[in-house]
Every structure is written in C-alpha cells, then in structure tokens.
Amino acid sequence: MSAIAERVKQIIVEKLGVEESEVTPEANFQNDLGADSLDTVELIMEFEKEFNLSIPDDQAENIGTVGQAVAYLEENVK
Amino acid sequence: MSFKRVVITGMGALTPVGNDVPTFWSNLVAGVSGAAPITRFDAEKFRTRFACEVKGLDVTNYIPRQEARKMDPFTQYAVIAADEAMKDAGFDADTLDLDKAGVIWGSGIGGLKTFEEEVMNYSENGRTPRFNPFFIPKMIVDSASGVLSIRYGFRGPNFITVSACASATNALIDAFNYIKLGLMNVCISGGSEAAVTIAGVGGFNALKALSERNDSPETASRPYDKDRDGFVLGEGGAAIILEELEHAKARGAKIYAEMIGAGMSSDAYHITAPHPEGLGAYIVMKNAVENAGIKPEEIDYINTHGTSTPIGDPQEIKAIEKFFGEHAYDLNISSTKSMTGHLLGGAGAIEAAACIMAIKDQVVPPTINHFTDDPEINPRLKLTFNKAEKRRVNIALSNTFGFGGHNASVVFKKYED
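Basis of the calculations
Residues numbered from 1 in each chain as written. Chains lettered and ligands numbered in written order. Predicted model: local features only at pLDDT ≥ 70, side-chain atom pairs only at ≥ 80, totals over all residues. Heavy atoms only, no water. Pairing = 2+ DSSP bridges. Helix = DSSP H or I, 4+ residues; strand = E, 2+ residues; numbered from the N terminus. Axes fitted to C-alpha atoms, helices over the stretch in contact; angles between N-to-C directions. Contact = heavy atoms within 4.5 Å. Phe/Tyr/Trp six-rings, centres within 6.5 Å; stacked < 30°, edge-to-face > 60°. Buried < 20%, exposed > 50% of the residue type's maximum accessible area, 1.4 Å probe, protein only. UniProt positions renumbered as here; feature names shortened; annotations may be inferred. Buried area = accessible area lost by both parts, 1.4 Å probe. Salt bridge = Lys/Arg side-chain N within 4 Å of Asp/Glu carboxyl O. Polar contact = N/O pair within 3.5 Å; in protein donor to acceptor, adjacent residues only side chain to side chain. pLDDT = per-residue confidence, 0-100.

Some details on the sheet that holds strand β10 (residues 332–334) of chain B
To summarise the sheet geometry, strands pair through backbone hydrogen bonds and adopt either a parallel or an antiparallel arrangement. Residues and elements named next belong to chain B. Spatial ordering of the open sheet is given by β5-β4-β6-β7-β1-β8-β14-β13-β9-β10, a layout of 10 strands whose pairing is mixed. Because the sheet does not close on itself, it has two edges, and the strands there are β5 (158–161) and β10. With direction set aside, neighbouring strand axes in the sheet form an average angle of 25°. In this structure, strand β6 (residues 186–193) lies alongside strand β7 (residues 236–244), joined through 8 bridges in antiparallel fashion. Looking at the pairing, S192 lines up with G237 of β7. Strands in contact with helix α13 (residues 347–361) are β1 (6–14), β6, β7, β8 (257–266), β9 (301–303), β13 (395–402) and β14 (406–413); relative to β13, the strand with the most contacts, it is inclined by about 170°.

Structure (structure tokens):
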C-alpha cells in the first residue's frame, strides 16, 4: 500500500470511526462506511489539509470511494 | 379547561462540583468550591486565569467519539446530564407517547468554542477559506435540544430559550406552561453552557464582570461579601424532567417535588447593569409567587441569582426585602454560585436542581466564602453563610437574571397528593 493510501486510511478510520479492515479500495463512504453527505465533505477537507492541496468541488463530487480518493490524491499530490 | 399539575420526576447534573446529581448535591451541602486555574486553554495572559470547570470528564465514557466530535461541549454537557435524568426518571420505552414528549433547553451562548476554532482556522496558511460542514449545526444554540430529541426520539415541542443567564429558567418555565396546558406529558428541560473559552473569558474580562482574584480561585466567588470583585465563570448544566402529575402517578414514578409557579419580567433599564433598586427583580418574584398561588410568607428558601458582582448582589437583596417585608428575615437565602461559579445560561438549571434537592432533603446549601460583612447588606438576612442549614423547606424560589434585563424565577414545592 502506498504512503498516501495509508494516510487516507488513517483519516477515514479517525473521522468515521470504522475498523481499518473495512477501509478497502471499493468501500463507498456513504454506502459502506456509514458516512452521510456532511461526513463526506469533511473527509474531503481533511484530505486537503493532510496533503496540502485544494480539491475543486467538481472533482470532489467524483470521490465516493476509498479507492477514488487514493487515486485522486496519488495523481495530484506533488 | 383545567390546568394540569407538573412534577419533577428525574434529574441529571454535570457541574464544576460534581458530574452527577448525588455528587453535585453532597458537595453543595458540604460547601465545596469548584474553582481552579483554567485548563481549557492557556490563560496565562488573561486578567482572569481561573474558572469553575467541569472536572475529570472523559466525554467518550458517555458518547461515542464519532458522535461527540459533532457536538460542541455545551451539547455534550446537555447529553450527559439528560442521560442521567432520563435514567433517573425511568420511563418505559414501550409505553411512553413520544409525540407528547418534548425538549425545551436553555443556553445563553451556544457553541462558542466551535465558533472560535472555525473562525480562527478557516484560512490556515492562506488556503481557500474552508469551514467544517458541521460548523453551523454544532455551533447554533438550538443544536442541544435537537440532539436530545434525536437521542430519545422525543417528537413533541423542541426548542431552546435564550435570555443570557436566565436561559435555563425560561426553558423550565416554558416546559412547565406547556405541560400545564396539556400540550405535552413529559419534557426534558434544563440548560447547559460551555463558555470557559478564549472568547468567553476574554469577553467577560473586557466587561470587567469577572473576579480577578487569581491568587485564590476557591475564595473568589463570594456573594454578599464586602470584598466581592466579580463573578467566576462556570460551565456544565443540569437536566430536569418535568412531567404531568397524572402521567407520573399512572406509571408509579418517583416524584421529587412539584413545580407550582413561575414569573418573568424585564428591567427595561440597561443592557448589562441591573436596575439599581432591583425593580425587575421585585416584579419577577411578585409574578412568580402570584402565579404559584401562594403567599410570600410560604417561601422558605430563595436560591438567589447572587453572582458576586459589586452592583448585582445588593439590588436583588433590596428587592427581596421590599417584596417579602418582615418575612425576608425568616426565610433562608443562599447563592450556590459561591461554589459552582456562574454557569450563565445553565445557571437556572443547576440552581433549580439545588432547590429541588433542598426540598427533598430539608436542608439549605450555603453561601460559602463569607469573610467580611457588607454594610450595604442587612445583617438580619439569613444568607446561610459558610455552612448548610437544616430547616423546613416546603417551598423554594430560584431567581435568575440575564444581560438584556431578563428576569425569570421558578417556584418548587414539596409534593403532596
């Protein structure tokens, strides 16, 4: 697992209060990890803070799963 | 239509002198101060560096961390106190009519800490401004009553009363009146506050409202003492379950006391200073006693607003002497803020709890930290200095006054069928 994926997993575990084993690439924040729409917005904010970047709203809308978040960050984190 | 009677069937408290009702009450009777140096933030450069904080609290022992972080501390305090009160009341979840169960809570400020954190950090390192999506729902003052209704499924009336330091008393009054009118059977009422924050302490310091006795926090809150120099900020809250009498009897509930009346008034004078002759304080006590349908001579104990400020304390005393006449020297008076500090919007809740316990145990908690008589305060008054007093407490009155000139008082009586 990449360093980015590991940090993403820790943020999700911390914010959503889920077990690490639940945080699989396919896991959807809302359908699988118990997040509501506000939790998802907060997660995006945490990614921005952790990785020091801005995720535009139209991009953020496409981040619904753990894997999508990791892929976006791996591509955009310098 | 006839009015319903309203009784108290459950209580919970989270205070600077105890994190549940039994501890809170035994420490009040023992005269324990809740004041200590501030731990909530680094107060080193503040004029006041102490407060009455809630102590030894691990919120996650009561609320799962994921839920707790979506609540400002004033809401966490509401939940912890309400959980105790609900358990104490012992409702049967299968038979309670949730549509006729309400939550009317009081808080003077709301999510001050949440507001501070978000505003101070919204644009860290020059980033695009970002606010947490939970900022508004955490901060708004009504979030406490909303969270409580969700927690217990109470679908009846639900709102927060805001009248500064009279807030929780106004909540109790609204709950009382709605039950009296038959609009609900049960209500979680009370109030909470969590203003021991940078802006809370700094703001009250700017008003010169707080005691600055940093070398002796535990003796700083000294209502009616000649050398009082301001109030001591407190935090926490209390939950009081109000229930329609027949509803309580039908389920065989334990009844602490009956709430028999309430009064409200306004000073119509100044946004922060009380009326110098205690006009609003006089009117509110008169209204409360009349509403209760009793004679002034029937009051045994007054839990005063008595915040320990130079100008606030004497005006309430003047009003008591004017309203009660000779009886002012027979009844007992105390300010439990000498121990708990001033919980602002939560004060009326913990002080109502103190009145109810005084009736239950027939003992008046003291006004601690009395060192020097104030020539402005009549020595004939029984201010219950320094030591609790055993006496008959059949009826007790609780006064609260808030910035804005709001006055609210409630009357509790020993329950008799």
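Quick word on the packing of aromatic side chains
All names here are of chain B. Under the counting rule described, the total for this entry stands at 10 aromatic pairs over all chains. Centre to centre, the rings of F204 and F231 are 5.3 Å apart; their planes meet at 75°, and the pair counts as edge-to-face. One end of the pair, F204, is in helix α8 (residues 198–206); the other, F231, is in the loop between α8 and β7, with 27 residues separating them in the sequence. Side by side, F204 and F231 carry an identical accessibility label, which is buried. Aromatic rings pair up to connect F115, Y122, F131 and F135 into one cluster.

Observations regarding the UniProt feature "modified residue: O-(pantetheine 4'-phosphoryl)serine" (unreviewed entry) in chain A
All names here are of chain A. According to UniProt, the feature "modified residue: O-(pantetheine 4'-phosphoryl)serine" (unreviewed entry) maps to S37 in the numbering used here. Summarising the element assignment, S37 is placed in helix α2 (residues 37–51). In this structure S37 comes out as partly exposed when scored by relative accessible area, which is 46%.

What about the interface of chain A and chain B?
Each partner contributes residues to the interface: chain A has 16 residues there, and chain B has 11 residues. Taken as a group, L38, E42 and M45 of chain A account for 37% of the area that chain A buries against chain B, more than any other trio of residues on that side. Counting every contact that joins chain A to chain B gives 4 salt bridges. Here chain A and chain B share 9 residue pairs in polar contact (both at pLDDT 80 or more) between them. If you list the elements that add at least two residues to the side of chain A that touches chain B, you get α1 (3–16) and α2 of chain A.

What about the confidence of the model for chain A?
Predicted coordinates in areas of low pLDDT are best not read in detail. Looking at chain A, pLDDT values average 93 and 100% of them are 70 or higher. Per-element mean pLDDT across chain A ranges from 91 in helix α3 (residues 57–60) of chain A up to 96 in helix α4 (residues 66–76) of chain A.

Some points on the side chain of N132 of chain B
Relative to the helices and strands, N132 of chain B resides in the loop between α4 (112–121) and α5 (135–139). Only 2.7 Å separates the side chain of N132 of chain B from the side chain of E42 of chain A, close enough to count as a polar contact. Ignoring anything within four residues of it in the chain, the contact list for N132 of chain B reads E42 and M45 of chain A together with E118 of chain B.

Considerations on the pairing of β8 of chain B
Residue and element names in this part refer to chain B. Buried residues dominate β8, accounting for 8 of its 10 residues. Sheet topology note: the β1/β8 ladder contains 3 bridges and is antiparallel. Within the sheet, the bridge partner assigned to V6 lies in β8 and is M259. Alignment of β8 against β14, held across 8 bridges, turns out to be antiparallel. Looking at the pairing, G263 lines up with S409 of β14.

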